[in-house]
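Observations on chain architecture
Take a look at the letters that make up each chain.
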Amino acid sequence: MKYAHNAKTPTLETDASANEYGQAEPVLTNAIHLDKMPLANIHAYRFEAGKHTLLLPTGMALVLGFTDSAITTRNAALDGTDDAMDWLFY
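First, a word on scope: everything that follows refers to the structure included in this document. (Residues numbered from 1 in each chain as written. Predicted model: local features only at pLDDT ≥ 70, side-chain atom pairs only at ≥ 80, totals over all residues. Heavy atoms only, no water.)

Counting residues in hydrophobic clusters, the biggest one holds six residues: V27, L28, A31, I42, A44 and A76. Ranked by the residues each element gives to this core, the list is headed by strand β1 (residues 26–32), at three residues. When residues no more than four places from it in sequence are discounted, the contact partners of A44 are Y21, G22, Q23, V27 and I71. (Core = buried A, V, L, I, M, F, W, Y, C linked by side-chain atoms within 4.5 Å. Buried < 20%, exposed > 50% of the residue type's maximum accessible area, 1.4 Å probe, protein only. Helix = DSSP H or I, 4+ residues; strand = E, 2+ residues; numbered from the N terminus. Contact = heavy atoms within 4.5 Å.)

Shown next as structure tokens:
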């Protein structure tokens, strides 16, 4: 059985458009755990008001939602390296 792979993280050294929408650095690290998959980070794409086409990299990707609120960059700590998981209760 062939398994899908995660979409690659943007690479600024080889891709000039890798941070065109502010997506190069993850906003949440160690944030999602799916059965039989490695922990995933969350990257945020920022778009101005209007009509846009979202072109995602090859591989598995998950669109979690849309917001006009600021996102605080943090480690979600699902890997167990951070004892404080207070963010779950905000």
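Picking up after the structure, the text goes on.
Here K8 is to be found in the segment before β1. K8 sits in the exposed class, given a relative accessible area of 64%. Setting aside anything within four residues of it in sequence, one finds K8 in contact with P57 and T58.

The strand order β2-β1-β3 describes an open sheet built from three strands, whose pairing is mixed. Lying at the two open borders of the sheet, with one neighbouring strand each, are β2 (40–43) and β3 (74–75). Of the pairings in the sheet, the one linking β1 to β3 comprises two bridges and is parallel in character. The partner of T29 across the bridge, within β3, is N75. (Pairing = 2+ DSSP bridges.)

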